[in-house]
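What follows is the residue order along each chain.
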Amino acid sequence: MITTYLFYFLSFLAIMCALMVVFSKNPVHSVLYLVLTFFTIAGHYVLLNAQFLAAVHVIVYAGAIMVLFLFVIMLMNLNKDTEPHKKPWLKFSAAIASGLLLVVLVGSLKGAETIVPTNAFNPNIGLIENLGKTLFHDFLLPFEVSSILLLVAMVGAVMLGKKSIK
Amino acid sequence: MTLGYIIYKLILVVVVFAITMVIAMYSTYAERKVAGFLQDRLGPNRAGPFGILQPVADAVKLFMKEETIPSVSNKTLFIIGPALSLLTACMTGVVIPWGKSITIFGESYPLQIADVNIGILYIFGVVSIGIYGIMIGGWASNNKYSLLGAVRASSQMISYEVAMGLSIIALIMTTGTLSVGEIAAQQNSWHWNVLIQPLGCLIFIVCAFAETNRAPFDLPECEQELVGGYHTEYSSMKMGFYLFAEYINMFISATVISTFYFGGYNMPFVADYVHNENLLTLLGVAFLFAKIFFGIFFFMWVRWTLPRFRYDQLMNLGWKVLIPLSILNIVLTGAWMMRHEILNVFIK
């Protein structure tokens, strides 16, 4: 019972914060609202009994990535004056494109009610023991491949960051 | 979940909060006394016997001071900054096991507020969001020095978080659990993790110094270059919140180090002589606090022993020394855990 209310509260908060990310004039405020959005989504993970995912979500997104975002935005010191003004035809086309995207989303979500989950949901899948076993048994190859992907990205970032390659 | 259970948890929360506050308060006094001792001075000795009321006098002074908010600052964020700092500093105590359980009228009450099965990750998450208080405060002050201090603090904390996380991974490999309560319980009598993970322990302690912004890593507030660092524009109790958060962080770091590596509430050889369970638990709590107080003293001792790093030295130490060392530690730990399998390959 209480989880239902929590779900609605968290969803409301998540949507409000996500809207505030878009509507805030100040980019630093946007980033801070995005951090709040991540926290509400972590709360949803806890409601789904996926504590590990919630903790990692907070550590990686709120604790690392958003701090770097904030870091860059604070140093760039974005003001009204430096913000480039878009041409009217660009604004017009952006409005049309996002309107079309809305139509597609509404159309796809309308048919979503008929989807029935094929296999039974295991409520303990999010606990760390089960998650580790699943990752290292059933999904070992994708797991390792994605770690290689991360390594490649890291090497690429270091190469791009270097001033000159000897 | 009965009413008694909720009341017991509430009492535990209040007690832990009160102890944290009192210890943080008296850490300010201890800091100056230790500084005085190490520099052959007397330290504060005017308020009360041996200056024991000094923290109270300081608190009154901080509350009474005029509160200024710069007119060019971002007011909401300016207030949120110190509040967030103090909040995140107080959040870690929830998963710390302060002792075994106390049995009253046949009911056992464990002295841990919440034994989450991902306790280590919880601590790590709280540490990683602790940066926001400093960053928001530094940016909202709208002052170059504050911003530079905040940027320094956050880049330092991000850098040392990596090495800290890697050193904890080796600890998780040997203990096989992410629950802080279980890690403490595994180290009964003298089976302390520092004997199994000496290198990881050293890396963790160095990173804890950097995470709490204590000397020799106190670059975010180095007076000679940055006036006061991120809290340059703060006055009265908002400034007090930042200072208080630093002392709470120091206390919590000492607690986490003693719980992870120095046995937590476990004490060697006492269980052979004392057989009353409740007495044993209370002795364990006392022993944990003895370790914590030594940890806090160690923090202060280092502050007055080592000079401050230069910023490039700090970054070099973090990225080029501590991270490779902690990866080496993980490899060594893994090799030691798989030693029979590796030996079998070579014998064949």
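The rules we used
Residue numbering note: each chain is counted from 1, following its sequence as written. To label them, take the chains in the order written and letter them from A, then take the ligands in the order written and number them from 1. Totals for whole chains, interfaces and linings use all residues, but because this is a predicted model, local features are given only for residues with pLDDT of at least 70 and pairs of side-chain atoms are given and counted only at 80 or more. Just so you know, side-chain values use all the structure's heavy atoms and leave hydrogens and water out. Secondary structure is summarised from DSSP: a helix means a run of H or I of at least four residues, a strand means a run of E of at least two, and numbering begins at the N terminus for each. Each residue is placed in one exposure class: buried if its accessible area under a 1.4 Å probe, protein chains only, is under 20% of its type's maximum, exposed if it is over 50%, and partly exposed if it falls in between. Any two residues having at least one pair of non-hydrogen atoms within 4.5 Å are treated as being in contact. Areas reported as accessible are Shrake-Rupley estimates using a 1.4 Å probe. Residue values count occlusion only from the protein chains shown. Patch membership is restricted to residues that have no salt bridge and whose relative accessible area is over 30%. Joining uses 9 Å for like charges and 5 Å for the nonpolar side chains Val, Leu, Ile, Met, Phe, Trp and Tyr. Salt bridge, as used here, is a side-chain nitrogen of Lys or Arg placed within 4 Å of a carboxyl oxygen of Asp or Glu. Expected helix span is computed as 1.5 Å times (number of residues minus one). What the arc covers is the set of directions going from the helix axis to the C-beta atoms. Joining two parts hides part of their accessible area as seen by a 1.4 Å probe, and the buried area is that hidden amount summed over both. Under the rule applied, a polar contact is a pair of N or O atoms within 3.5 Å (in protein, one hydrogen donor and one hydrogen acceptor; residues adjacent in sequence only if both atoms are side-chain atoms). For this classification, Asp, Glu, Lys and Arg are treated as charged, while Ala, Val, Leu, Ile, Met, Phe, Trp, Tyr, Cys and Pro are nonpolar and the rest, including Gly, are polar. Here the axes come from fitting lines to C-alpha atoms, over the contacting stretch only for helices, and the angles between their N-to-C directions go from 0 to 180 degrees. Throughout this description, any angle smaller than 35 degrees is read as roughly parallel, any larger than 145 degrees as roughly antiparallel, any in the 65 to 115 degree range as roughly perpendicular, and the remainder as oblique. In this scheme the crossing of two helices becomes right-handed for a clockwise turn of the near helix relative to the far one and left-handed for an anticlockwise turn of less than a right angle. Being paired, for any two strands, means DSSP has found at least two bridges between them. Each domain's limits were defined by an automated method or a database of domain assignments. Only centres within 6.5 Å qualify two rings of Phe, Tyr or Trp (six-membered ring in Trp) as a pair; their planes then separate them into stacked at under 30 degrees, edge-to-face at over 60, and tilted for everything else. Counting as a charge over the ring demands two things of the Lys NZ or Arg CZ atom: a distance within 6 Å of the ring centre and an angle within 35 degrees of the ring normal.

Colleague: How would you sum up the overall build of chain A? Please name residues and give values.
Modeller: Scanning chain A from N- to C-terminus turns up 6 helices and 0 strands. The order of α-helices and β-strands along chain A, N terminus first, is α-α-α-α-α-α. When burial is assessed residue by residue, chain A has 20% of its 166 residues classed as buried. Excluding contacts between residues fewer than 6 apart, the proportion of contacts in chain A whose partners are at least 24 apart in sequence is 54%. Here chain A has roughly 12800 Å² of accessible surface; of this, 75% comes from carbon and sulfur atoms.

Colleague: Help me get a handle on the environment of Thr37(A), residues and values and all.
Modeller: Residues and elements named next belong to chain A. With respect to the element layout, Thr37 can be found in helix H2 (residues 27–47). Of the residues examined, Thr37 reaches a relative accessible area of 9% and is grouped as buried. Dropping the residues within four chain positions of it, Thr37 is found in contact with Ala14, Cys17, Ala18 and Val21.

Colleague: Quick rundown of a nonpolar patch on the surface? Include the residues and the values.
Modeller: All names here are of chain A. Where nonpolar side chains cluster on the molecular surface, the patch consists of Leu6, Phe9, Phe12, Leu13, Ile15, Met16, Leu19, Val22 and Phe23 and spans about 890 Å² of accessible area. By secondary structure assignment, the location of Phe23 is in helix H1 (residues 2–23). Its relative accessible area of 58% is what places Phe23 among the exposed residues.

Colleague: Give me the lowdown on H1(A), citing residues and values where you can.
Modeller: Residue and element names in this part refer to chain A. Compared with the 32 Å implied by 1.5 Å per residue over 22 residues, the 31 Å span of H1 between its first and last C-alpha is a close match. Among the residues making up H1, those that are buried are Leu10, Ser11, Ala14 and Cys17. Down the axis of H1, the smallest arc covering the buried residues is 140°, so these residues share one side. More than 90 degrees from the buried face of H1, the exposed residues found are Tyr5, Tyr8, Phe12, Ile15 and Phe23. Considering only its buried residues, H1 is in contact with H2.

Colleague: So, the pattern of salt bridges: which residues are in play, and what are the values?
Modeller: Side-chain pairs of opposite charge can arise where the charged atoms are in close proximity. Residue and element names in this part refer to chain B. What the rule picks out here adds up to 6 salt bridges over all chains. With a closest N to O distance of 2.9 Å, Arg214 and Glu31 form a salt bridge. Of the two residues, Arg214 is situated in the loop between helix H9 (198–211) and helix H10 (223–226) and Glu31 in helix H1 (residues 3–38); the sequence distance between them amounts to 183 residues. Accessibility assignment for this pair places Arg214 and Glu31 in one class, buried. Where Lys238 meets Glu67, a salt bridge forms, and the shortest distance between an N and an O atom there is 2.3 Å. Here Lys238 is found in helix H11 (residues 236–260), whereas its partner Glu67 is found in the loop between helix H2 (54–64) and helix H3 (75–91), with 171 residues between them in sequence. Lys238 sits in the buried class, given a relative accessible area of 11%. Judged by its relative accessible area of 46%, Glu67 falls in the partly exposed class. Residues participating in the shared-partner salt-bridge network are Glu31, Arg214, Glu246 and Arg303.

Colleague: Help me get a handle on the interface of chain A and chain B, residues and values and all.
Modeller: Contacts between chain A and chain B engage 23 residues on the former and 21 residues on the latter. Summed over both partners, the interface of chain A with chain B buries about 1900 Å², with 80% contributed by carbon and sulfur atoms. On the chain A side of the contact with chain B, Ile59(A), Phe71(A) and Met74(A) bury the most area, a combined 30% of that side's loss. Across the contact surface, chain A and chain B share 2 residue pairs in polar contact (both at pLDDT 80 or more). Secondary-structure elements contributing two or more residues to the side of chain A that touches chain B are H2 and helix H3 (51–76) of chain A. With 15 residues, the top contributor of residues to the side of chain A that touches chain B is H3(A). Grouping the amino acids of the side of chain A that touches chain B by side-chain chemistry returns 19 nonpolar, 4 polar and no charged.

Colleague: Can you tell me about the packing of helix H6 (residues 144–175) of chain B against H9(B), naming the residues and giving the values?
Modeller: All names here are of chain B. Running from amino to carboxyl end, H6 crosses H9 at an angle of 155°, the nearest separation of the two axes being 9 Å. Considered as vectors, H6 and H9 are oriented roughly antiparallel to each other. Crossing angle aside, the handedness with which H6 passes H9 is left-handed. Two secondary-structure elements touch here, H6 through Gln156, Met157, Tyr160, Glu161, Ala163, Met164, Ser167 and Ile168 and H9 through Gly200, Ile203, Phe204, Cys207, Ala208, Ala210 and Glu211.

Colleague: Give me unusual backbone geometry: which residues, what numbers.
Modeller: Even without a glycine there, the phi angle at Asn49(A) is positive, about 65°. On the secondary structure map, Asn49(A) appears in the loop between H2 and H3.

Colleague: Describe the pairing of strand E1 (residues 101–104) of chain B, naming the residues involved and giving the relevant values.
Modeller: The pairing of E1(B) with strand E2 (residues 107–110) of chain B spans 4 bridges and is classified as antiparallel. Within E2(B), the position partnered with Ser101(B) by the bridge is Pro110(B).

Colleague: Explain H2(B) to me, and be specific about the residues and the numbers.
Modeller: Residue and element names in this part refer to chain B. Looking only at H2, the buried set comprises Gln54, Pro55 and Leu62. With its buried residues spanning 95° around the axis, H2 presents them on a single face. Within H2, the exposed residues directed more than 90 degrees away from the buried face are Phe63 and Met64. Where H2 is buried, its residues touch H1 and H11.

Colleague: Residues and numbers for the domain arrangement of chain A, please.
Modeller: It is common to report an interface's size as the accessible area lost on association of the parts. Per the domain assignment, the segments of chain A are domain 1 (1–79) and domain 2 (127–166). One C-alpha centre belongs to domain 1 of chain A, the other to domain 2 of chain A, and the line joining them spans 24 Å.

Colleague: Report on the packing of aromatic side chains, specifying residues and quantitative values.
Modeller: All names here are of chain B. All chains considered together, the criterion is met by 19 aromatic pairs over all chains. Taking 6.2 Å as the distance between ring centres and 15° as the angle between the ring planes, the aromatic pair formed by Trp98 and Phe251 counts as stacked. Of this pair, Trp98 sits in the loop between H3 and E1 while Phe251 is found in helix H11, placing the two residues 153 residues apart along the sequence. Residue Trp98 shares its accessibility class with Phe251, and that shared class is buried. Measuring from ring centre to ring centre gives 5.3 Å for Phe217 and Phe309, while their planes differ by 10°; the resulting arrangement is stacked. Taken as a pair, Phe217 in the loop between H9 and H10 and Phe309 in the loop between helix H12 (277–303) and helix H13 (311–337) lie far apart in primary sequence, 92 residues in all. Using a relative accessible area of 3% as the deciding quantity, one classes Phe217 as buried. Residue Phe309 is classed as partly exposed on the basis of its relative accessible area, which comes to 27%. Among the aromatic side chains, those forming a connected cluster through ring pairs are Phe209, Phe294, Phe297, Phe298, Phe299 and Trp301. Its end group placed over the ring of Trp336, Arg339 keeps NZ or CZ at 4.1 Å from the ring centre.

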